[in-house]
Amino acid sequence: MEFLGTIPGEPYTLQTNVYVRGSGDGRIIGREMRFHLWFDPAAGFHNYAILWNPDAITFFVDDVPIRRYERKTELTFPDRPMWAYGSIWDASDWATDHGRYRADYRYQPFVARFDRFVVAGCGPGAPPSCRP
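- Per an unreviewed UniProt entry, the protein chain goes by GH16 domain-containing protein and derives from Aegilops tauschii subsp. strangulata.

## A look at the overall build of the protein chain
Argument step 1. The helix and strand inventory of the protein chain stands at one helix and six strands.
Argument step 2. Starting at the N terminus and walking to the C terminus, you meet the elements of the protein chain as β-β-β-β-β-β-α.
Argument step 3. Buried positions account for 23% of the 132 residues belonging to the protein chain.
Argument step 4. Residue pairs in contact within the protein chain that sit at least 24 positions apart in sequence constitute 43% of those at least 6 positions apart.
Argument step 5. Here the protein chain displays about 10,200 Å² of accessible surface, and carbon together with sulfur accounts for 55% of that area.

## Quick notes on the pairing of strand E6 (residues 64–70)
Argument step 1. Looking at chain direction, strand E5 (residues 56–61) and E6 are connected through six bridges and run antiparallel. Looking across to E6, one finds that Ile57 is bridged to Tyr69.
Argument step 2. The antiparallel hairpin formed by E5 and E6 contains two residues in its connecting segment, where Asp62 sits at a positive phi of about 50°.

## Remarks on the confidence of the model for the protein chain
Argument step 1. Scored by pLDDT, the protein chain comes out at a mean of 81, with 88% of its residues at no less than 70.
Argument step 2. Ranking the elements of the protein chain by mean pLDDT puts helix H1 (residues 92–95) last with 68 and E6 first with 94.

## Thoughts on the sheet that holds strand E4 (residues 48–52)
Two strands in a sheet stick together by hydrogen bonds in their backbones, pointing the same way (parallel) or opposite ways (antiparallel).
Argument step 1. The strand order E4-E5-E6 describes an open sheet built from three strands, whose pairing is antiparallel. The sheet is open, and its two borders are formed by E4 and E6, each paired with just one other strand. The mean angle between the axes of side-by-side strands here comes to 15°, regardless of whether they run parallel or antiparallel.

## Focus: the sheet that holds strand E3 (residues 32–36)
Argument step 1. Pairing is antiparallel across the open sheet formed by three strands, whose spatial order is E1-E2-E3. Where the open sheet ends on each side, the last strands, each with one partner, are strand E1 (2–4) and E3. The sheet shows a mean angle of 30° between the axes of neighbouring strands, taken without regard to direction.
Argument step 2. The pairing of E1 with strand E2 (residues 13–17) spans three bridges and is antiparallel. Across the sheet, residue Leu4 finds its bridge partner in E2, namely Thr13.

## A word on the pairing of E5
Look at any regular strand and the pattern is simple: side chains alternate between the two faces of the sheet.
Argument step 1. Most of E5 sits inside the fold, with five of its six residues counted as buried.
Argument step 2. With five bridges connecting them, E4 and E5 associate as antiparallel partners. Across the sheet, Ile50 pairs through a bridge with Phe59, a residue of E5.
Argument step 3. The antiparallel pairing of E4 with E5 creates a hairpin that spans three residues between the two strands.

## Considerations on the packing of aromatic side chains
Argument step 1. Inspection of the entire model under this criterion finds four aromatic pairs.
Argument step 2. For the pair Tyr69 and Phe77, a centre-to-centre distance of 6.3 Å together with 25° between the ring planes defines the contact as stacked.

## Here we look at the side chain of Thr13
Argument step 1. Structurally, Thr13 can be placed in strand E2.
Argument step 2. Here Thr13 is in contact with Glu2, Phe3, Leu4, Arg34, Phe35 and His36, once residues within four sequence places are set aside.

## Describing the environment of Ala103
Argument step 1. When you line up the elements, Ala103 lands in the segment after H1.
Argument step 2. Ala103 sits ten residues away from Asp93 along the chain, and the two C-alpha atoms are 9.5 Å apart.

Scoring rules and cut-offs
Residues numbered from 1 in each chain as written. Predicted model: local features only at pLDDT ≥ 70, side-chain atom pairs only at ≥ 80, totals over all residues. Heavy atoms only, no water. Helix = DSSP H or I, 4+ residues; strand = E, 2+ residues; numbered from the N terminus. Buried < 20%, exposed > 50% of the residue type's maximum accessible area, 1.4 Å probe, protein only. Contact = heavy atoms within 4.5 Å. Areas by Shrake-Rupley, 256 points an atom, 1.4 Å probe, with all protein chains shown as cover. Pairing = 2+ DSSP bridges. pLDDT = per-residue confidence, 0-100. Axes fitted to C-alpha atoms, helices over the stretch in contact; angles between N-to-C directions. Phe/Tyr/Trp six-rings, centres within 6.5 Å; stacked < 30°, edge-to-face > 60°.

Given below as structure tokens:
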């Protein structure tokens, strides 16, 4: 999940990404999807979650499902372990109305905080009885 730059007065945009076999080249249909949030994510804490099972990957915001990426074929569904990492980077050239609203470095350092971060799951070789 990525928070993309916002345009003043407009809703924040959250982008979800699904990579298949390490591909991020855009040839996989459905790799990226963008959603306008119904709140200001900088104003307080919110819960973001990903539920990945053999049939689908579902993305949640405050327990509301915002995207379901279903397994249609083996070729269009991830078969490698998921990676989760947090970072802040400047995407002013493409994420903010094509550079119209650039990052304002007068407000740095830019800080993100993660609270109650939980990772639970079953490995690829786990028995069907595994329920994280």
